[in-house]
Amino acid sequence: TSPEQCKPISGHKTRLSKLLDDVVFRSQIARIIIDEAHLTYIWGSPSLDSVAFRKAWGNIWELRIKLNVSTPVMVLTATAPPHLIQSWMKSLHLRDPVIHKTTSNCPNQTYAVHPIFGSLSDFRNLRMLVPKEIGNEVAPEVVINKILKSVVFSNSADLISAAPLAMYDMFL
């Protein structure tokens, strides 16, 4: 959910804010997980010349107070500088937090953008995922084992769902 759902909006209670008023419901919440936590500061804080973009993000600490300060909190981000970490520790009342830092450098990953020729539904555009030395005469099982793990983004769930079968059919 988003922080905005935790409080009434323009005087109208959201379904989640109604649930959060219920003591029994609140007692069932095992933890708070804040993903992309750097946005709580970036979006939730006013800038020099304007109000906060999404003020509720800057007030996420109110949820922690409403639930119970002993409710565990997991704060996730890949891009938080030290001053943001200090800000969360203070606003979320984190005591002795475990901070795990790792690099976002993944040498086994390659990012690439390829032009699409014709229609998005022309799956021949995905041929670039298959190593050149593999031709159409190779058994599909061999092709599947040779294709590198890939992530393909599209704005159509139907196209993404059809892509694996289309790739398989290319090599039958």
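All values derive from a computational prediction rather than experimental measurement. (Residues numbered from 1 in each chain as written. Predicted model: local features only at pLDDT ≥ 70, side-chain atom pairs only at ≥ 80, totals over all residues. Heavy atoms only, no water.)

1. What about the pattern of salt bridges?
At step 1: Per the stated rule, a full pass over the model turns up five salt bridges.
At step 2: A salt bridge links Arg 54 to Glu 4, with the shortest nitrogen-to-oxygen separation between them at 2.8 Å. Of this pair, Arg 54 sits in the loop between helix H3 (38-42) and helix H4 (55-58) while Glu 4 is found in the segment before helix H1 (15-20), placing the two residues 50 residues apart along the sequence.
At step 3: A relative accessible area of 24% places Arg 54 in the partly exposed class.
At step 4: Taking the shortest distance from any N to any O, the salt bridge between Asp 21 and Lys 13 comes out at 2.1 Å.
At step 5: A relative accessible area of 41% places Lys 13 in the partly exposed class.
At step 6: Among the charged side chains, a network of salt bridges with common partners joins Lys 13, Asp 21 and Lys 66. (Salt bridge = Lys/Arg side-chain N within 4 Å of Asp/Glu carboxyl O. Helix = DSSP H or I, 4+ residues; strand = E, 2+ residues; numbered from the N terminus. Buried < 20%, exposed > 50% of the residue type's maximum accessible area, 1.4 Å probe, protein only.)

2. Quick look at the nonpolar core
At step 1: Counting residues in each nonpolar core, the largest one holds 14 residues, and the members touching the most others are Ile 34, Leu 63, Trp 88 and Leu 92.
At step 2: Residue assignment for this core shows that the elements contributing at least two residues are strand S1 (32-34), helix H5 (61-67) and helix H6 (82-91).
At step 3: The biggest single contributor to this core is H6, with three residues.
At step 4: Judged by nonpolar contacts, the second largest core, of seven residues, contains Val 130, Leu 159, Ala 166 and Met 167. (Core = buried A, V, L, I, M, F, W, Y, C linked by side-chain atoms within 4.5 Å.)

3. Notes on a nonpolar patch on the surface
At step 1: Together, Ile 33, Met 74 and Leu 76 line one region of the surface with nonpolar side chains, adding up to about 250 Å² of accessible area.
At step 2: Within the fold, Ile 33 resides in strand S1. (Patch = residues over 30% accessible without salt bridge, like charges linked within 9 Å, V, L, I, M, F, W, Y side chains within 5 Å. Areas by Shrake-Rupley, 256 points an atom, 1.4 Å probe, with all protein chains shown as cover.)

4. Some details on unusual backbone geometry
The phi angle of most residues is negative, glycine excepted, and most peptide bonds adopt the trans form.
At step 1: With phi around 50°, Ser 10 is a residue other than glycine that occupies positive phi space.
At step 2: Along the chain, Ser 10 turns up in the segment before H1.
At step 3: Ser 10 sits in the exposed class, given a relative accessible area of 70%.

5. Structural notes on the environment of Val 151
At step 1: Note that Val 151 resides in the loop between helix H7 (140-146) and helix H8 (157-170).
At step 2: Remark: the alpha-carbon pair of Val 151 and Ser 45, spanning 106 residues in sequence, is separated by 34 Å.

6. Structural notes on the environment of Leu 92
At step 1: With respect to the element layout, Leu 92 can be found in the loop between H6 and H7.
At step 2: A C-alpha to C-alpha distance of 8.3 Å links Leu 92 and Val 69, two positions 23 residues apart in sequence.
At step 3: Those residues in contact with Leu 92 that sit more than four places away from it in its chain are Ile 34, Ile 60, Trp 61, Arg 64, Val 73 and Val 75. (Contact = heavy atoms within 4.5 Å.)

7. Describing the packing of aromatic side chains
At step 1: Enumeration according to the criterion identifies two aromatic pairs in this entry.
At step 2: On the basis of an interplanar angle of 80° and a centroid distance of 5.3 Å, the ring pair of Trp 43 and Phe 53 is categorised as edge-to-face. Highlighted residues: Trp 43 in the loop between H3 and H4 and Phe 53 in the loop between H3 and H4, separated in sequence by ten residues.
At step 3: When its relative accessible area of 61% is taken as the criterion, Phe 53 is described as exposed.
At step 4: Plain terms: the ring middles of Trp 43 and Trp 57 are 5.1 Å apart, the flat faces sit at 70° to each other, and that makes the pair edge-to-face. Of the two residues, Trp 43 is situated in the loop between H3 and H4 and Trp 57 in helix H4; the sequence distance between them amounts to 14 residues.
At step 5: We classify Trp 43 as partly exposed; its relative accessible area is 25%. (Phe/Tyr/Trp six-rings, centres within 6.5 Å; stacked < 30°, edge-to-face > 60°.)

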